[in-house]
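Breakdown of the fold
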Amino acid sequence: MNAASTPIDGDCFHCGLPLPAEAAEQRWSVRIGQVLEAMCCPGCAAVAQTIVDNGCADYYTTRTAFSSRIDGDGLVPPELRLYDDADSCRQFARAFENSAESGEPLLEASFALEGIRCAACAWLIERQLARLPGLQLFNLNVATERLQVRWNPAQCKPSDILQALHQIGYSAYPFDAARQGEQLRRAAKRLFRQTFIAGLCMMQVMMYAAPAYFAAAGSIEHDQLQLMRWASLLLTLPVLCYSAQPFLRGAWIGLKLHRFGMDLPVAIGIVAAFSGSAIATLRGAGEVYFDTVTMFVFLLLCSRYLELAARRKAASTLERLQHALPDCATRLSDYPHSMHGDLVAATKLAAGDVLLVKPGEVIPADGILLSGGGSIDVSLLSGESRPLPCAAGAALPGGAVNCGQAIVLRVTQAVHDSTLSALLKLAEQAAQAKPRISQWADQVAAWFVAALLLCALLAFCAWQWLEPSRAWPIAIAVLVVSCPCALSLATPSALAAATDRLLRSGVLVVQAHVLETLHRSTYVIFDKTGTLTKGKPVLRGVEAYDHSMGERYLQIAAAMETCSAHPLGAAIVQGAGATLDQTSVLRAEAICETAGQGMQAMVDGVIYRLGSASFVAQLAAVPMPAMAPQDAAMTPVFLGQAGSWLARFDLADAIRADARQTIAYFQSCGKQVILLSGDDWKMAQQVARELQMDGAYGEYLPAQKLALVQDLQRRGEVVAMVGDGINDAAVLGAADVSFAMGAGAALAQIHADTVLMTDRLSAISDSAKLGEKTMRVIRQNLAWASIYNLLAIPAAALGLLNPWLSAVGMSLSSALVVLNALRLRNKI
Amino acid sequence: MEALYLLIPISTVLVFLAIWVFVRASDSGQFEDMVGPALRILQDDDSVAPAVGKDKQN
């Protein structure tokens, strides 16, 4: 064990978290080796016991990080059985065609695993799975946290596999292969193969080409030269037929649509060079350009691979979206008469079903509250950090988290019609309507290609009339020397290098046009909750009626809120923790929480109430005395006892430290920075004023935000959007360039062009600075390419350049362009 | 330099062989996981886990 996983005496041996008060009596402990180790909860104890019983106690000596802790949100064993019935099985498993030897049908499926923390976890999982009967093959991919299994349905069920994993503390869920992430994985695999083969053939072809370059003309025997040419031709065939597929197919599609795309010059260059070289090889005379062909294909594929790798990393979070809505629900079939609940799959819920949602669980579908409850957390849907109170008869959206007591609700819409699904569809629609910003490159490419073909044709005809033997080589020279690399390589490779640099500082760029568009943008729109603010309420101030007792009141409030799951309660406890000294720890007894209002408890024999003004007023029974005016931007929480008001706590969501700096940078670039939020107007204005933004809009629904962005775009503005929370997803898709904070809901990350994996807002201004440098490099590359083409193409057409020189020139030119672009990898 | 007449064809065949080996390795998933094998090699215990104590599956 190294320092990272050496448990301290007051911590759980298994997960490393501090031991709560109950565990201190050593009620949960497991004998590992010769020592009785303390555990923090029955879950950790059960997992540790299973590990020891399975003979895998070595796990604790070889692990390099603490294990994950499975609590309520992992799948509980009864729920695992839902995966066994034929319908759901068919959804994620498929039949595996095996050889005729065993003759039994096997099923195959992929599971996504959670909780892998270090190498020892992989070992533990594999040992556990090896003990399952009927499991023919299992393949754990540590990098992607994916488990592929093949099992015999007669001997083993999916729930057995999930149960075995659950026993040692890992939660797994079936993984749908039709998801976008899987398609990207296949595309990446294909592209990697194409790049590898192109690289391999390129190196070999260059070896054959080297003698021809360095030898004086005529010093190599004709036969040997022919042999090398034939060898080069054979080795270029895989490159042409397999590796160059993306370009050939892209050019073909472009031709069918009557559009000159960027793939067309690449494809024409490759095919022309190859066919000319093939003819020369067959005739036994003339120049061959196989090395040019292979090198060209290889360089282009490299830059495409870099871009795709970044996109795959971003798309892996899409699988987490499956957890936004729970897989199962507790249905009360006989509601008014009994509270007996059955576990059903969420997809089978229909309108009219009555469900029970326990505290802390996610509401599976839209419904009307029948009884219980008190407050729900809709931050996933609206980005609001404050929980909303709800009473009987209120409409509850699917995806909200139950913050209060257990809820009984009647479903109004099936899961696929819920609010969450509708937002998903809206986001997908907006993503498809995204404006194509790279059209200018396509247009220039179109003109360039047209001009180039014309030029080659003219040169061919002219020389055919002047001196027929030189016509074909000159036409080839014109096509080869022209470097469409400026368009095909300069921009993509500069963007790929910059993307890689950003990735290393925690900014994941999913779409290649981000830097360019951010540079051009005129409006920068920020969301408030979670983007400009940290998304966690913080205690900002304590106003005590008796000023000397402020500290004590805070301690009393913290004592009452220690066991509360409320976000505001957590803020009070945290605020008190900063000023509390360990000697005076108060305990609250007889805690009674009234959902949506506050809580009442007894501390040191006195009954206190902590909560909203009206709630405390009931106990205090006196009018509230006047005190310092309340800031509209803060949430007040009052503390009172029988007969008097004691204090008011002001809580607010803290603004990020680097927000001001980021906004100032954008304003200095001449962009308009505005705030667009779903929270109330006053708060939005307050924050905008504090950060000196150019405008603020509050209480905007997702559809209104979308309308605002589209309105700006119609006026010709280029809109950049920074957001968080699912309700921003549609707007993020519609904006010209979008950024999503990494801590936000997974959906927004997918439809945004960039994901900020670090928690720093200043990463956006860093991206903008890098974007500026990238644009400069791209312009340099374009300038070089223009000069080069303007000089080289006429030279080739006039017969001044022989094809050999053209090939070298073109290769050097592309190398120069790529190297210039690679400079960006190390810039800020 | 007559050796070239033999060597060049051999090298070409070798490259195609290398391509074939690569494609086979890629098909069998060699390049999927770049992290796992590096970790697995450090585990000392290769023994098969005995079914000690608790019952297996219901």
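Residues numbered from 1 in each chain as written. Chains lettered and ligands numbered in written order. Predicted model: local features only at pLDDT ≥ 70, side-chain atom pairs only at ≥ 80, totals over all residues.

Within chain A, the secondary structure is distributed over 28 helices and 29 strands. A buried classification covers 46% of the 828 residues belonging to chain A. Taking as baseline every contact in chain A between residues at least 6 positions apart, the subset at least 24 positions apart corresponds to 68%. (Helix = DSSP H or I, 4+ residues; strand = E, 2+ residues; numbered from the N terminus. Buried ≥ 20, exposed ≤ 12 C-beta atoms within 10 Å, placed from the backbone. Contact = placed C-beta atoms within 7 Å.)

Here the focus is the packing of helix 22 (residues 659-668) of chain A against helix 27 (residues 762-797) of chain A. All names here are of chain A. For the pair helix 22 and helix 27, the least separation of the axes is 8 Å and the interaxial angle reads 30°. Classified by the angle their axes make, helix 22 and helix 27 are roughly parallel. As for the relative orientation of helix 22 and helix 27, their crossing is left-handed in sense. Contact residues: helix 22 offers Gln661, Thr662 and Tyr665, while helix 27 offers Ser762, Ile764, Ser765 and Ala768. (Axes fitted to C-alpha atoms, helices over the stretch in contact; angles between N-to-C directions. Parallel < 35°, antiparallel > 145°, perpendicular 65-115°, else oblique. Left-handed = near helix turned anticlockwise from the far one by under 90°.)

Residue and element names in this part refer to chain A. Strand order across the open sheet formed by three strands is 13-12-15, with antiparallel pairing between neighbours. Each end of this open sheet is capped by a strand with a single partner; those strands are strand 13 (388-389) and strand 15 (401-402). Relative to strand 15, strand 12 (residues 375-377) runs antiparallel, the two being bridged by two bridges. Residue pairing across strands places Ile376 opposite Asn402, the latter belonging to strand 15. (Pairing = 2+ DSSP bridges.)

Here the focus is the interface of chain B and chain A. Between chain B and chain A, the residue contacts involve 31 residues of the former and 32 residues of the latter. Counting only elements with at least two residues in the side of chain B that touches chain A, the list comes to helix 1 (4-27) and helix 2 (36-40) of chain B. No other element matches the ten residues that helix 1 of chain B contributes to the side of chain B that touches chain A.

Residue and element names in this part refer to chain A. Its location among the elements puts Gln555 in helix 19 (residues 550-561). Gln555 gets classed as partly exposed once you count the C-beta atoms within 10 Å, which come to 18. Through-space distance from the C-alpha of Gln555 to that of Leu586 is 7.2 Å; in sequence the pair is 31 residues apart.

For the rest of this paragraph, the subject is the nonpolar core. Residue and element names in this part refer to chain A. In this structure, Ile270, Val297 and Val478 are the most contacted members of the largest nonpolar core, which totals 118 residues. With twelve residues, the single largest contributor to this core is helix 27. Here this core spans two domains, since at least three of its residues come from each of domain 3 (183-315 + 437-493 + 819-826) and domain 5 (497-533 + 656-773). Sequence-distant contacts of Val297, defined by excluding residues within four places in its chain, comprise Ala198, Val239, Ser243, Ala244 and Ile270. Grouped together as the second largest cluster of nonpolar side chains are 39 residues, Cys15, Met39, Tyr60 and Ile168 included. (Core = buried A, V, L, I, M, F, W, Y, C linked by C-beta atoms within 7 Å. Domains from an automatic or database assignment.)

This part covers helix 19 of chain A. Here helix 19 of chain A is twelve residues long and its end C-alpha atoms lie 17 Å apart, about the 16 Å a rise of 1.5 Å per residue gives. Residues of helix 19 of chain A that are buried: Tyr553, Leu554, Ile556, Ala557, Ala558, Ala559, Met560 and Glu561 of chain A. (Expected span 1.5 Å × (residues − 1).)

Next up on the list: the sheet that holds strand 10 (residues 354-357) of chain A. All names here are of chain A. With antiparallel pairing, the six strands of this open sheet are ordered in space as 9-8-10-16-11-14. Each of the sheet's edge strands pairs with one partner strand only, and the pair in question is strand 9 (341-345) and strand 14 (395-396). Summarising the sheet, strand 11 (residues 367-372) and strand 16 (residues 407-411) pair through five bridges and their orientation is antiparallel. The partner of Gly372 across the bridge, within strand 16, is Ile407.

Residue and element names in this part refer to chain A. One non-glycine residue with positive phi stands out, namely Asp604, at about 55°. In this fold, Asp604 is placed in the loop between strand 21 (598-603) and strand 22 (606-611). Overall, the presence of 11 C-beta atoms within 10 Å leaves Asp604 in the exposed class. With a phi close to 60°, Gln692 is a non-glycine residue in the positive phi region. Inspection of the secondary structure puts Gln692 in the loop between helix 23 (681-691) and strand 26 (695-697). Take Gln692: there are 11 C-beta atoms within 10 Å of it, and that puts it in the exposed class.

All names here are of chain A. In the sheet, strand 4 (residues 106-114) pairs with strand 6 (residues 146-151) via six bridges, with the strands oriented antiparallel. What sits directly across from Ala109, in strand 6, is Val149. In this structure, strand 4 lies alongside strand 7 (residues 171-174), joined through four bridges in antiparallel fashion. What sits directly across from Glu114, in strand 7, is Ser171.

Here the focus is the confidence of the model for chain B. Taken over all residues, the pLDDT of chain B has a mean of 77, while the share at 70 or more is 74%. In the predicted complex, the global pTM is 0.53; the interface-specific ipTM is 0.78. (pLDDT = per-residue confidence, 0-100.)

With that settled, consider helix 9 (residues 245-256) of chain A. The terminal C-alpha atoms of helix 9 of chain A lie 16 Å apart, and with twelve residues this matches the ideal 16 Å at 1.5 Å per residue to within 8%. Remark: His258 of chain A follows helix 9 of chain A within two positions and exhibits a positive phi of approximately 55°.

With that settled, the discussion passes to the packing of helix 8 (residues 222-243) of chain A against helix 1 of chain B. At their nearest, the axes of helix 8 of chain A and helix 1 of chain B sit 10 Å apart, and the two run at 5° to each other. Considering the angle they form, helix 8 of chain A stands roughly parallel to helix 1 of chain B. For the pair helix 8 of chain A and helix 1 of chain B, contact is made by Gln224, Leu227, Met228, Ala231, Leu234, Leu235 and Pro238 of chain A and by Leu4, Tyr5, Ile8, Thr12, Val15 and Ile19 of chain B, respectively. Of the residues assigned to the contact of helix 8 of chain A with helix 1 of chain B, the class counts are eleven nonpolar, two polar and no charged. (Nonpolar A, V, L, I, M, F, W, Y, C, P; charged D, E, K, R; others polar.)

Residues and elements named next belong to chain A. Here Ala329 lies in strand 8 (residues 328-332). The spatial distance from the C-alpha of Ala329 to the C-alpha of Asp342 is 8.1 Å, given a sequence separation of 13 residues. Not counting the four nearest positions on each side in its chain, Ala329 is found in contact with Val344, Ala346, Leu349, Leu355 and Pro364.

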